[in-house]
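Topology and contacts: notes
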Amino acid sequence: MNHMWVKISLTLAGLVGYSSAQAAVDSYRFMHVTISTPWYIFLFLLMGVFAPFILMAVLAWSSAARKTELELAGSDNKSSVE
């Protein structure tokens, strides 16, 4: 019986604390929105959009450079064989 009262009191204390925390999260005092906020969001999303294209360009460039080196090495071997 004693354990049940402890459980009930802890549950009620948790619910009281939860309701005040819920009210604090729903208020606007935690949101600091200024005129520059949309620009920060825009720049963040712009990086996310252009990052794959930059990576694709770097990988294509390195692949082309490696292919050129292999072709040059292959042409040296062919000329020495002939």
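Anyway, here's the lowdown on the structure attached to this text. The shown structure was predicted, so the numbers you read here are calculated from the model rather than taken from an experiment.

**A look at the overall build of the protein**
- Secondary structure summary: the protein contains two helices and zero strands in total.
- Out of the 82 residues in the protein, the part that is buried amounts to 1%.
- Surface exposure of the protein reaches about 7,900 Å², of which carbon and sulfur atoms provide 74%.

**Looking at a nonpolar patch on the surface**
- Side chains of Trp-39, Phe-42, Leu-43, Leu-46, Val-49, Phe-50, Phe-53, Ile-54, Met-56 and Val-58 sit close together on the surface and give an oily, nonpolar patch of about 1,000 Å² of accessible area.
- For Val-58, a relative accessible area of 46% gives the class partly exposed.

**Examining the packing of aromatic side chains**
- Taken as a whole and judged by the stated rule, the model has one aromatic pair.
- Between Trp-39 and Phe-42 the ring centres are 6.0 Å apart and the planes differ by 90°, which places this aromatic pair in the edge-to-face class. Of this pair, Trp-39 and Phe-42 both sit in helix H2 (residues 37–81), three residues apart, roughly one helical turn.

How each quantity is defined
Residues numbered from 1 in each chain as written. Predicted model: local features only at pLDDT ≥ 70, side-chain atom pairs only at ≥ 80, totals over all residues. Heavy atoms only, no water. Helix = DSSP H or I, 4+ residues; strand = E, 2+ residues; numbered from the N terminus. Buried < 20%, exposed > 50% of the residue type's maximum accessible area, 1.4 Å probe, protein only. Areas by Shrake-Rupley, 256 points an atom, 1.4 Å probe, with all protein chains shown as cover. Patch = residues over 30% accessible without salt bridge, like charges linked within 9 Å, V, L, I, M, F, W, Y side chains within 5 Å. Salt bridge = Lys/Arg side-chain N within 4 Å of Asp/Glu carboxyl O. Phe/Tyr/Trp six-rings, centres within 6.5 Å; stacked < 30°, edge-to-face > 60°.

Honestly, that's just the spatial picture; any functional story needs more than this.
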